[in-house]
Amino acid sequence: MFPTNPYQSDNIWQNIFDEVISEKKTRKVPPQKYAFPTGDVPARLDVKYLELVNTPVLDDQGEIKFIIRSMNDVTDNVHYEKFFEETQRPARIGSWEVNMAHQTFTWSDGLRDIYEVQHDYEPTLSRINDFFPDPAALKTLEDAFLKATENGTVFSLILPMVTAKGNERWLSIVGKPDLVGGTCIRIYGITQDITASKRLTDLENLERTILEKSARRDTSLSTVLSEYILGVEALYRGLYCSILGVRNKRLVSWVAPSLPESYIASVHDLPIGDDVGSCGTAAFRKKRIIVSDISVDPKWASAKDVALSHGLKACWSHPIVDAKGGVIAVLGIYYKQVKEPNPDELIIIDRMSALLNIIIENWQNADRIREAATMIAQGQELARFGNWQFDIENNQTTWSPVLCDIYGINPAVYSPSFKHYLALVHPDDRTQVEQMIDKIHRTGEDIVYEERIIRPNNEIRYLRSWVRLIANAEKKPVKLIGASLDVTESKKAELKLKQLHAELEKHLKEVEQSEQKYSDLFHLSPQPMWVYDLETYRFLDVNAAAITHYGYTHEEFLSMTLIDIRPPEEIPKLEAAVARTRLPNKLFFKGTFKHRKKDGEIIQVDIQSNIIQFHGRKAELVLAIDITEKLYHIEAIEAQNKRLQEIAWMQSHMVRAPLARIMGLIDLIKSCPAPDVDQDRLLRAVYDSAIELDDILRNITEKAEQITLT
């Protein structure tokens, strides 16, 4: 019919023609491609699709008289079907139809791609059930089809399935029944692979949940990270995650809920470095390391046997780097098959790393701030240093607990205000205080002044106070902040305290509202303070007063232990004191010890200390007060008392003997004037006793001259 048609297949024509003759029934030829010359340019061919129908016409004996062949141009329909099929595939959409009369299924090629079957695959009811191993999902699908056939109900489902290649997928299935006279003749619809979007939605929900739990801090960081890892593993079957900490340039096992404990134990405490597995190398290089085959990658040469013995064949690692550029952890993703990440998996690694960075670093920052707050609160308590602030716009005043204690008031019943504060100020100092507050409002300048207060029990305390005015961007005053130091017991240290306030004022201008604020107050304490590790005795931090008083630099202190500032004979006493500190419920300690300065000088110090958590370690915050000079004065007074006691004893005992002899001899001379008494001898005895008495009095005089009253 079309002898020049390049697409024509004689076999198809012949086969259909033979079927019509043998069966004497109408047969339809599937749409075939034909080439037609275009009207304007005959040499140019246009492609059309024709559907041929061969209808036999029979005579009275039932034999074929002739065959009527009709041809329909179905080019537009074919183009539409091809366009529909080609646009569905990129969106992972396939169409389907169920013929209820014949119980047959028709799938588009796009649907076969989704189910990962061959294009000649013919679905049946029993074979389709195999794709839904989850009984609940299969029942949901069956119930939807049953309602559709009985009630004409359109259904839309989201179900899990497993493809012919064993891959888990999430499908969106929409079906619509076709009813004729109340009878369902077919059900047709579309199916879309929504695995990527479903996983993305589930991942976003998981991330939101984990961030909320991390913010609440009602559970440990390890629990939060473990829950996140398990959630990711549930979404992406076949991967096994670990999070290793990095401490002192070594890997530390942290969270790996699905990996064998024996494998994690083998990784613990490994040094980071080039070719130390994926995680060690990632921590060393500070970049992502992809190892798709552990058995052949040189980075695993020294550790591959352990990994392979646990069935781990691929490992992708990503370092978690904090804002300062330090590696704080490493994310490891393992597979039990050789595997190279695809673009989507690389995006997941980036998302996980970013979220872990936020969670871990925020958690660590919060710990540092809490430790600094604890340290400053305890430092304030030891140094008797309280603070306050007055919100001008809201007319609200707050006092720290230490300030309430200094004033001798109960914060539970006392309502701080300027009026109530003035009532506690000594009457002779109120005018000065009012003038100072007026001055800061007028000039905006910080003020430092001394004041006396009268506590509710009528006890007078001496305070050194500091006030600052805080203004907003429009230079409008919004807040007053201040602090008071109880200097009653250290009034003699006035000069030193003034220097402290000058340094404090200088540093407070540079301090932002962060952990640095609390650290500065520790370092600006007028008395030596330090923090040391209870286990190792090593100094963890010291303030400027300790550096000045003991003569060591900050770096020298941090390389030393408490033993280094003790005389050898004091070490057993130190160890006994630390042992008592380590006892349960033993938070505070007081005692007197000998310390040794850098120049070798031995000093006596009063120690007050209490237990804190410092960067995750159990430590002790110590306040040291040098009492050497005080003890020296006490010893001098005691020595003077001893000499005075010796003089008193000499007066009461040694003087009495010669004086008694002189008095007896004089009485003898008076009462015995007889000539038989040797008067010269008596006079010599009186003279000798007088000489002895003179020596005793001279000795007393010399001892008295040795006494220096201070």
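## Observations regarding the overall build of the chain
Next up, step 1: Counting its secondary structure elements, the chain contains 22 helices and 23 strands.
Next up, step 2: Here the chain holds 710 residues, and 38% of them are scored as buried.
Next up, step 3: A fraction of 49% describes how many contacts in the chain between residues 6 or more apart in sequence connect residues 24 or more apart.

## Some words on the sheet that holds strand S4 (residues 93-99)
Next up, step 1: Pairing within the open sheet is antiparallel, and its five strands lie in the order S5-S4-S8-S7-S6. On the outer flanks of this sheet lie strand S5 (104-107) and strand S6 (155-162), each paired with one strand and no other. For this sheet, the mean angle separating the axes of adjacent strands, direction not counted, is 25 degrees.
Next up, step 2: Looking at chain direction, S4 and strand S8 (residues 183-193) are connected through seven bridges and run antiparallel. If you follow Ser95 over to S8, its bridge partner there is Ile190.
Next up, step 3: Together, S4, S6, strand S7 (168-180) and S8 form the strand contacts of helix H5 (residues 135-151), whose direction differs from that of S6 by roughly 150 degrees.
Next up, step 4: Contacts between helix H6 (residues 195-216) and the sheet are confined to S7 and S8, with S7 contributing the most and set at about 120 degrees to the helix.

## Some thoughts on the pattern of salt bridges
Next up, step 1: Per the stated rule, a full pass over the model turns up 28 salt bridges.
Next up, step 2: In this structure, Lys139 and Asp143 form a salt bridge, with 3.0 Å as the shortest nitrogen-oxygen distance. On the criterion of helical spacing, the pair formed by Lys139 and Asp143 is a turn pair, its members being four residues apart in helix H5.
Next up, step 3: Overall, Asp143 belongs to the partly exposed group, its relative accessible area being 31%.
Next up, step 4: Counted as one network, the salt bridges with shared partners bring together Arg92, Glu116, Arg169 and Asp193.

## Looking at the nonpolar core
Next up, step 1: One finds Ile333 and Met352 to be the most contacted residues of the largest nonpolar core, which totals 31 residues.
Next up, step 2: For this core, the element with the highest residue contribution is helix H11 (residues 343-383), accounting for eight residues.

## Quick notes on empty space enclosed by the protein
To find the voids left in a structure, one rolls a probe of water-molecule size over its atoms.
Next up, step 1: The tally for this structure, following the rule as stated, stands at two cavities of 30 Å³ or more.
Next up, step 2: Counted as a void, the second largest cavity has a volume near 120 Å³.
Next up, step 3: Taken together, 14 residues make up the lining of the second largest cavity; nearest its centre are Tyr532, Arg566, Leu574, Ile607 and Glu620.
Next up, step 4: Going through the elements one at a time, strand S19 (529-533), helix H19 (571-581), strand S21 (588-596), strand S22 (602-614) and strand S23 (617-626) are the ones with two or more residues in the lining of the second largest cavity.
Next up, step 5: For the lining of the second largest cavity, the element with the highest residue contribution is H19, accounting for four residues.
Next up, step 6: Looking at the lining of the second largest cavity residue by residue, the class counts come to ten nonpolar, two polar and two charged.

## Observations concerning H19
Next up, step 1: Turning to H19, its buried residues are Leu574, Ala577, Val578 and Thr581. Buried residues of H19, viewed axially, fall in a sector of 95 degrees; they line one side.
Next up, step 2: The inward-facing, buried residues of H19 contact S19, S21, S22 and S23.

## Considering the state of the cysteines
Next up, step 1: Throughout the structure, instances matching the rule amount to zero disulfides.
Next up, step 2: Cys241 forms no disulfide, and the closest cysteine sulfur to it belongs to Cys315, at a distance of 10.0 Å.
Next up, step 3: Of the cysteine sulfurs around Cys315, a residue in no disulfide, the closest is that of Cys279, at 4.7 Å.

## Regarding the packing of aromatic side chains
Next up, step 1: Within this structure, the stated rule accounts for 19 aromatic pairs.
Next up, step 2: Centroid distance Trp316 to Tyr335: 4.8 Å. Interplanar angle 45 degrees. Geometry classified as tilted. Linking Trp316 in strand S12 (residues 314-321) with Tyr335 in strand S13 (residues 327-335), this pair joins segments that are 19 residues apart in sequence. Of the two residues, Trp316 and Tyr335, neither departs from the other in class, the shared state being buried.

## Examining the sheet that holds strand S10 (residues 250-255)
Sheets are built from strands paired through backbone hydrogen bonds, the pairs being either parallel or antiparallel.
Next up, step 1: Taken together, five strands build an open sheet; the order of strands is S10-S9-S13-S12-S11 and the sheet is antiparallel. Because the sheet does not close on itself, it has two edges, and the strands there are S10 and strand S11 (289-291). For this sheet, the mean inter-axis angle between neighbouring strands, taken without regard to orientation, is 25 degrees.
Next up, step 2: Pairing analysis gives seven bridges linking strand S9 (residues 239-247) to S13, with the strands arranged antiparallel. Among the inter-strand pairings, Leu244 is bridged to a residue of S13, identified as Val330.
Next up, step 3: Across the face of the sheet, helix H9 (residues 277-285) comes into contact with S9, S10, S11, S12 and S13 while running at roughly 145 degrees to S13.

## Concerning a nonpolar patch on the surface
Next up, step 1: A contiguous nonpolar surface patch, about 210 Å² in accessible area, is contributed by Val154, Val174 and Ile190.
Next up, step 2: Summarising the element assignment, Ile190 is placed in strand S8.

## Observations regarding unusual backbone geometry
Next up, step 1: Its identity as a non-glycine residue notwithstanding, Asn458 has a phi of 70 degrees, on the positive side.
Next up, step 2: Looking at where Asn458 falls in the secondary structure, it is placed in the loop between strand S16 (447-454) and strand S17 (460-471).
Next up, step 3: With phi around 65 degrees, Lys475 is a residue other than glycine that occupies positive phi space.
Next up, step 4: Here Lys475 lies in the loop between S17 and strand S18 (477-486).
Next up, step 5: You can call Lys475 exposed: its relative accessible area is 72%.

## As for the packing of H6 against helix H7 (residues 221-235)
Next up, step 1: Axis separation between H6 and H7 bottoms out at 10 Å; the angle between their running directions is 175 degrees. Judged by the inter-axis angle, H6 sits roughly antiparallel to H7. Contact residues: Arg199, Asp202, Leu203, Leu206, Glu207, Ile210, Lys213 and Ser214 in H6; Val224, Glu227, Tyr228, Gly231, Val232 and Leu235 in H7.
Next up, step 2: The residue makeup of the contact of H6 with H7, split by class, is seven nonpolar, two polar and five charged.

## As for the layout of surface pockets
Next up, step 1: In this structure, the second largest pocket occupies an estimated 1100 Å³ of space.
Next up, step 2: Together, 29 residues line the second largest pocket, and Val246, Arg247, Gln364, Arg368 and His615 are the ones closest to its centre.
Next up, step 3: At the level of elements, H7, S9, S10, S13 and H11 are the ones that each hand at least two residues to the lining of the second largest pocket.
Next up, step 4: For the lining of the second largest pocket, the element with the highest residue contribution is H11, accounting for seven residues.
Next up, step 5: Taken together, the residues of the lining of the second largest pocket sort by class into nine nonpolar, ten polar and ten charged.

## A few points about the pairing of strand S20 (residues 539-542)
Next up, step 1: Relative to S20, S19 runs antiparallel, the two sharing three bridges. Residue pairing across strands places Tyr532 opposite Phe539, the latter belonging to S20.
Next up, step 2: Connecting the antiparallel pair S19 and S20 is a turn made up of five residues, with Tyr537 showing a positive phi of about 70 degrees.

## Description of the side chain of Ser465
Next up, step 1: Within the element layout of this structure, Ser465 appears in strand S17.
Next up, step 2: Exposure remark for Ser465: the relative accessible area of 2% places this residue in the buried category.
Next up, step 3: A polar side-chain atom of Ser465 sits 2.5 Å from a polar atom in the side chain of Glu451.
Next up, step 4: Those residues in contact with Ser465 that sit more than four places away from it in its chain are Ile447, Val448, Tyr449, Glu451, Ala483 and Ser484.

## Focus: the confidence of the model for the chain
Next up, step 1: The share of residues in the chain with pLDDT of 70 or more is 83%, and the mean pLDDT across the chain is 83.
Next up, step 2: Within the chain, helix H2 (residues 75-88) has the poorest average pLDDT of any element, 62, and S11 the best, 96.

Conventions we followed
- Residues numbered from 1 in each chain as written.
- Predicted model: local features only at pLDDT ≥ 70, side-chain atom pairs only at ≥ 80, totals over all residues.
- Heavy atoms only, no water.
- Helix = DSSP H or I, 4+ residues; strand = E, 2+ residues; numbered from the N terminus.
- Buried < 20%, exposed > 50% of the residue type's maximum accessible area, 1.4 Å probe, protein only.
- Contact = heavy atoms within 4.5 Å.
- Pairing = 2+ DSSP bridges.
- Axes fitted to C-alpha atoms, helices over the stretch in contact; angles between N-to-C directions.
- Salt bridge = Lys/Arg side-chain N within 4 Å of Asp/Glu carboxyl O.
- Core = buried A, V, L, I, M, F, W, Y, C linked by side-chain atoms within 4.5 Å.
- 1 Å grid on protein atoms, 1.4 Å probe; cavity = no way out; pocket = protein on both sides within 12 Å on 5 of 7 lines; lining within 4 Å.
- Points joined across faces, edges and corners; volume = space filled by probe spheres on them.
- Nonpolar A, V, L, I, M, F, W, Y, C, P; charged D, E, K, R; others polar.
- Arc of directions from axis to C-beta.
- Disulfide = S-S within 2.5 Å.
- Phe/Tyr/Trp six-rings, centres within 6.5 Å; stacked < 30°, edge-to-face > 60°.
- Patch = residues over 30% accessible without salt bridge, like charges linked within 9 Å, V, L, I, M, F, W, Y side chains within 5 Å.
- Areas by Shrake-Rupley, 256 points an atom, 1.4 Å probe, with all protein chains shown as cover.
- Parallel < 35°, antiparallel > 145°, perpendicular 65-115°, else oblique.
- Polar contact = N/O pair within 3.5 Å; in protein donor to acceptor, adjacent residues only side chain to side chain.
- pLDDT = per-residue confidence, 0-100.

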